[in-house]
Amino acid sequence: QVVLVESGGGLVQPGGSLRLSCAASGSFLSINAMDWYRQAPGKQRELVATVTSDGTTNYGDSVKGRFTIARDNARNTVDLQMTSLKLEDTAVYYCNARVTSWRIVVTDYWGKGTLVTVSS
């Protein structure tokens, strides 16, 4: 089983920066990918960024060029560096990990989320 814990959420002004972190712990064979999603009130959950174990990254169109995802495979952590923040970036941000267990079963695990509020 895997537990994900996010940190770094808070209040930031438009145009500012914020870094989110997520740490994975537990027993598993490997983590195939680590992702960040977000969900604003009344809206669908959307993909923010993803990174695979080989370093391949992908970003949602709304954050491309402003956010950077970085993974530390040795520590099983993933960070999301957010810059040029906009009001519409306000959301609960969730960490996701796609994990292969020692039984060779692939499962998505989710953190409980961290709130990012962009406001002047």
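Our structure is the block above this text.
Now for a quick tour of the structure. Every value quoted in this text rests on a predicted model; they were computed, and no experiment measured them.

Reading the values: rules and limits
- Residues numbered from 1 in each chain as written.
- Predicted model: local features only at pLDDT ≥ 70, side-chain atom pairs only at ≥ 80, totals over all residues.
- Heavy atoms only, no water.
- Salt bridge = Lys/Arg side-chain N within 4 Å of Asp/Glu carboxyl O.
- Helix = DSSP H or I, 4+ residues; strand = E, 2+ residues; numbered from the N terminus.
- Buried < 20%, exposed > 50% of the residue type's maximum accessible area, 1.4 Å probe, protein only.
- Core = buried A, V, L, I, M, F, W, Y, C linked by side-chain atoms within 4.5 Å.
- Pairing = 2+ DSSP bridges.
- Axes fitted to C-alpha atoms, helices over the stretch in contact; angles between N-to-C directions.

### Brief notes about the pattern of salt bridges
Side chains carrying opposite charge are able to pair once their charged atoms draw close together.
Turning to step 1, where the next piece is worked out: A full pass over the atoms with the stated rule returns 6 salt bridges.
Turning to step 2, where the next piece is worked out: A salt bridge links Asp-89 to Arg-38, with the shortest nitrogen-to-oxygen separation between them at 2.9 Å. Taken as a pair, Asp-89 in the loop between strand E8 (77-82) and strand E9 (91-100) and Arg-38 in strand E4 (residues 30-39) lie far apart in primary sequence, 51 residues in all. Judged on exposure class, the residue Asp-89 and its partner Arg-38 are both buried.
Turning to step 3, where the next piece is worked out: Residue Asp-108 is joined to Arg-98 by a salt bridge in which the shortest nitrogen-to-oxygen separation is 2.9 Å. You can see Asp-108 sitting in strand E10 (residues 106-110) and its partner Arg-98 sitting in strand E9, a full 10 residues away along the chain.
Turning to step 4, where the next piece is worked out: When its relative accessible area of 35% is taken as the criterion, Arg-98 is described as partly exposed.
Turning to step 5, where the next piece is worked out: What emerges from the salt-bridge pattern is a single network uniting Arg-38, Glu-46, Arg-66 and Asp-89.

### Notes on unusual backbone geometry
Turning to step 1, where the next piece is worked out: Positioned with a positive phi, Asn-76 is a non-glycine residue whose angle comes to about 55 degrees.
Turning to step 2, where the next piece is worked out: Position of Asn-76 among the secondary structure elements: in the loop between strand E7 (67-72) and E8.
Turning to step 3, where the next piece is worked out: Not every positive phi belongs to a glycine, and Ser-84 is a case in point at roughly 50 degrees.
Turning to step 4, where the next piece is worked out: One can find Ser-84 in the loop between E8 and E9.
Turning to step 5, where the next piece is worked out: Given the relative accessible area of 39%, Ser-84 is considered partly exposed.

### Looking at the nonpolar core
Turning to step 1, where the next piece is worked out: In this structure, Trp-36, Leu-80, Met-82 and Tyr-93 are the most contacted members of the largest nonpolar core, which totals 30 residues.
Turning to step 2, where the next piece is worked out: Secondary structure elements with two or more residues in this core: strand E1 (2-7), strand E3 (18-26), E4, strand E5 (46-52), E7, E8, E9 and strand E11 (114-118).
Turning to step 3, where the next piece is worked out: If you tally residues by element for this core, the top one is E9, at 5 residues.

### A short note on the sheet that holds E8
Turning to step 1, where the next piece is worked out: The strand order E1-E3-E8-E7 describes an open sheet built from 4 strands, whose pairing is antiparallel. Edge positions in the open sheet fall to E1 and E7, since each of these has one partner strand only. Adjacent strand axes in the sheet meet at a mean angle of 15 degrees when their direction is disregarded.
Turning to step 2, where the next piece is worked out: Where E3 lies against E8, 6 bridges are found, and the strand directions are antiparallel. Bridge pairing in E8 places Ala-23 opposite Thr-77.

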